[in-house]
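# Secondary and tertiary structure notes
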Amino acid sequence: MTTELHRLVSALRSDLGARAEITGPTVDGDVEGFSVRSETDGSVEVWLMHDADGVIVGLDRCPGWQLPRTPSSVNVFLTIIDAAVAGRVEVGTGRKVRSYRVVMPDGTVMEDSARGAFASLLEMPWKPRTRWATATAYAG
């Protein structure tokens, strides 16, 4: 799987060119990571970390989705990158919370959220309203 990820990152560097900055692999102990981001305002960064036990794929500062260490997880990573590059990631903003949704090819929706430092202190007895918009496609 590590070899496949390295091939994928090399292909992304070639395919995306100046539209995206691809960092990695960065290594911290047994954990290796990659990220794909654009300088385009409103775009979304995609990142991946993996070790011998599994894979975590995430958007911006979210905790990410834990996936098994299988080739299908590489496909999930690529699908999320394609969505970010094309501007098909939905971004929800609310009171100190930012949420992301990606519709997968099979119709399932992957959703993750990043809570601000004071979000739990600002809890309301009702559910705060989230405004949804589509992220900006990577320009280039």
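What this report covers is the structure whose coordinates are included nearby. Every value quoted in this text rests on a predicted model; they were computed, and no experiment measured them.

## Concerning the sheet that holds strand β3 (residues 46-50)
- Read from one edge to the other, the open sheet built from five strands follows the order β1-β2-β3-β4-β5, with strand pairing classed as antiparallel. Two strands lie at the open edges of the sheet, namely β1 (21-28) and β5 (65-67), each paired on one side alone. The mean inter-strand angle of the sheet, taken between neighbouring strand axes irrespective of direction, is 15°.
- Where strand β2 (residues 31-37) lies against β3, five bridges are found, and the strand directions are antiparallel. Residue Ser-35 lies in a different strand from β3, and its bridge partner there is Trp-47.
- The strands touched by helix α2 (residues 71-86) are β2, β3, β4 (55-59) and β5; relative to β3, the strand with the most contacts, the crossing angle is about 165°.

What counts and how
Residues numbered from 1 in each chain as written. Predicted model: local features only at pLDDT ≥ 70, side-chain atom pairs only at ≥ 80, totals over all residues. Heavy atoms only, no water. Pairing = 2+ DSSP bridges. Helix = DSSP H or I, 4+ residues; strand = E, 2+ residues; numbered from the N terminus. Axes fitted to C-alpha atoms, helices over the stretch in contact; angles between N-to-C directions. Contact = heavy atoms within 4.5 Å.

Such coordinate-based values are descriptive only and should not be taken to indicate function.
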